[in-house]
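Structure at a glance
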Amino acid sequence: MALVTAALCAAVAVSACSRTPEVSLAPQAAAPVCTTLSWPASVSGHEQVATSPASPSVRAWGDPAIIARCGLDPLAPTTDECVTVNGVDWVVRSLSDGGAATTFGRDPAIEVLVPADYGPVPLLLPAFGDVATSLPSNGRRCT
């Protein structure tokens with residue numbers, strides 16, 4: 001009986017780790033520019049995984065999932081850390097379980113959520129450079 005219980009627990013643990021990440025769609029997720037993006041096939045060696053809901057404006061990679069979503073309202077000027085990666089400005093902030101980066105000076109904006117397992121958020125941002133530069137600029141820049 002103990003062996004059956006251990007096997008059942010292992011199966012539950014494996015399925016819990018590989019579940020489809022649930023994503024909240026951004027306010028402008030239906031904007032044509034967000035529904036026609038060419039997201040990267042992989043991010044830092046991690047392949048795309050399905051999201052719930054499935055939407056052309058969101059993508060996820062790896063387990064735990066790195067999540068990107070298009071359609072956020074553009075950021076106003078902020079005192080948060082702003083970094084430039086390959087010509088794209090990003091506002092980076094720490095979260096309790098990782099970090100987030102949001103394009104600055106793009107309308108609509110893209111947000112990338114990175115679990116702590118992957119290290120500093122800016123190291124993953126080069127993968128999103130082409131996607132970010134395909135969004136319209138609103139003229140704001142990191143200073």
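Residues numbered from 1 in each chain as written. Predicted model: local features only at pLDDT ≥ 70, side-chain atom pairs only at ≥ 80, totals over all residues. Heavy atoms only, no water.

1. Quick word on the pattern of salt bridges
Applicable threshold: The term salt bridge refers to a side-chain nitrogen of Lys or Arg lying within 4 Å of a carboxyl oxygen of Asp or Glu. Each helix is a run of DSSP H or I of at least 4 residues and each strand a run of E of at least 2, with the numbering of both proceeding from the N terminus. Remark: exposure states derive from per-residue accessible area (1.4 Å probe, protein chains only) relative to the maximum for the residue type, with buried under 20%, exposed over 50%, and partly exposed in between.
Enumeration over the complete set of coordinates arrives at 3 salt bridges. Here Arg69 and Glu111 are joined by a salt bridge, their closest N and O atoms 2.8 Å apart. In this pair, Arg69 sits in strand S4 (residues 66–72) while Glu111 sits in strand S8 (residues 109–115), placing the two residues 42 residues apart along the sequence. Here Arg69 falls in the buried class, since its relative accessible area comes to 17%. Residue classification places Glu111 among the buried residues on the basis of a relative accessible area of 6%. Arg93 is the partner of Glu111 in a salt bridge, and the nearest nitrogen-oxygen pair spans 3.0 Å. You can see Glu111 sitting in strand S8 and its partner Arg93 sitting in strand S6 (residues 88–95), a full 18 residues away along the chain. Taken together, the salt bridges that share partners define one network made up of Arg69, Arg93 and Glu111.

2. Regarding the state of the cysteines
The criterion, for reference: Cysteine sulfur pairs qualify as disulfides if the two atoms are within 2.5 Å.
Per the counting criterion, the structure on display carries 2 disulfides. Across the disulfide from Cys34 sits Cys70; the S-S distance is 2.0 Å. Taking the torsion about the sulfur-sulfur bond, which here is approximately -60 degrees, the covalent link between Cys34 and Cys70 counts as left-handed. With Cys34 in helix H2 (residues 32–35) and Cys70 in strand S4, this pair connects stretches of sequence that are 36 residues apart. Counting its disulfide-bonded cysteines in sequence order, the protein chain shows a connectivity of 1-2, 3-4.

3. Regarding the sheet that holds strand S7 (residues 98–103)
Here is the rule: Whether two strands pair depends on DSSP finding at least two bridges between them.
With antiparallel pairing, the 8 strands of this open sheet are ordered in space as S1-S2-S3-S4-S8-S7-S6-S5. Looking at which strands have only one partner, the edges of the open sheet turn out to be strand S1 (42–43) and strand S5 (81–85). Examined bridge by bridge, S1 and strand S2 (residues 46–49) share 2 bridges and lie antiparallel to one another. In the sheet register, Val43 faces S2, and the bridge partner there is His46.

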